[in-house]
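Each chain, written out:
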Amino acid sequence: SHDITVVSAQIVVNALSGAAGATAGWVVAGSNTGSAKCPASQTAATFVMPVDGLLIGDVITGFTAYGQLEGDGAVTLDVDLRKLTAAASDLTDASVGAITQVSTSVDAIVNASKTGLGEVVGSGESFYFLLTATTAAGTDIDFQGCVVTVNGI
């Protein structure tokens, strides 16, 4: 009989580790806050944050997104945890789990969680968050980052 110890850990993914995606709008430079910002009047602006610190065999069980929405008008934010897998023809890009349409029309904290995941980290895989934001005039998003919950042996 072998005793197996499962260790739960939380990996902090700071927004400053990310970069603007294919659709312009997010800004990391020019701020002394340690956050990423999506200014007013953006449509489907994308931002990508790599998830570092995962070990092969870890099981991703969920994540929480943190930040602030300035909601003097309509604001929406999607936070999608995605996985890239090496393949000969092309990298395979797939969603692991997403928080969709965090939205408000008043100032609000972002503290949204996705639970119930069971994604095992394998060889040849990497993970990242894809954020998609739409902001009306007079609104913005100030995003801190995410915390990824994993179980490892």
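Refer to the structure printed above.
Here is what the cut-offs are and how they apply
Residues numbered from 1 in each chain as written. Predicted model: local features only at pLDDT ≥ 70, side-chain atom pairs only at ≥ 80, totals over all residues. Heavy atoms only, no water. Helix = DSSP H or I, 4+ residues; strand = E, 2+ residues; numbered from the N terminus. Rg over C-alpha atoms; globule rule 2.2 N^0.38 Å. Buried < 20%, exposed > 50% of the residue type's maximum accessible area, 1.4 Å probe, protein only. Contact = heavy atoms within 4.5 Å. Areas by Shrake-Rupley, 256 points an atom, 1.4 Å probe, with all protein chains shown as cover. Salt bridge = Lys/Arg side-chain N within 4 Å of Asp/Glu carboxyl O. Pairing = 2+ DSSP bridges.

Enquirer: Tell me about the overall build of the chain, residues and numbers included.
Expert: Secondary structure summary: the chain contains 0 helices and 11 strands in total. In the chain, the order of α-helices and β-strands from amino to carboxyl end is β-β-β-β-β-β-β-β-β-β-β. Against the globule reference of 15 Å for 153 residues, the chain gives a C-alpha radius of gyration of 16 Å, in line with a compact fold. In the chain, buried positions account for 39% of the 153 residues. Here the analysis covers contacts within the chain between residues at least 6 apart in sequence; of these, 77% occur between residues at least 24 apart. Of the roughly 7,800 Å² of accessible surface on the chain, a fraction of 53% belongs to carbon and sulfur atoms.

Enquirer: Tell me about the environment of Val120, and name the residues and values.
Expert: Secondary-structure assignment places Val120 in strand 9 (residues 119–120). Take Val120: its relative accessible area is 46%, and that puts it in the partly exposed class. Distance in space between the C-alpha atoms of Val120 and Ile60 is 6.4 Å, their sequence separation being 60 residues. Not counting residues up to four positions away in its chain, the partners in contact with Val120 are Gly57, Asp58, Val59 and Glu125.

Enquirer: Give me the lowdown on the pattern of salt bridges, citing residues and values where you can.
Expert: The final tally for this structure, using the stated rule, is 5 salt bridges. Taking the shortest distance from any N to any O, the salt bridge between Asp80 and Arg82 comes out at 2.7 Å. Comparing Asp80 with Arg82, the two get one shared label, buried. Salt bridges here are not isolated pairs; linked through shared partners, they connect Asp80, Arg82 and Asp93.

Enquirer: Lay out the pairing of strand 11 (residues 139–152) in plain terms, naming residues and giving numbers.
Expert: Summarising the sheet, strand 1 (residues 7–14) and strand 11 pair through 8 bridges and their orientation is antiparallel. Looking at strand 11, one finds that Val7 is bridged to Gly152. As judged from the 3 bridges shared by strand 3 (residues 36–38) and strand 11, these two strands associate in the antiparallel manner. Among the inter-strand pairings, Lys37 is bridged to a residue of strand 11, identified as Asp142.

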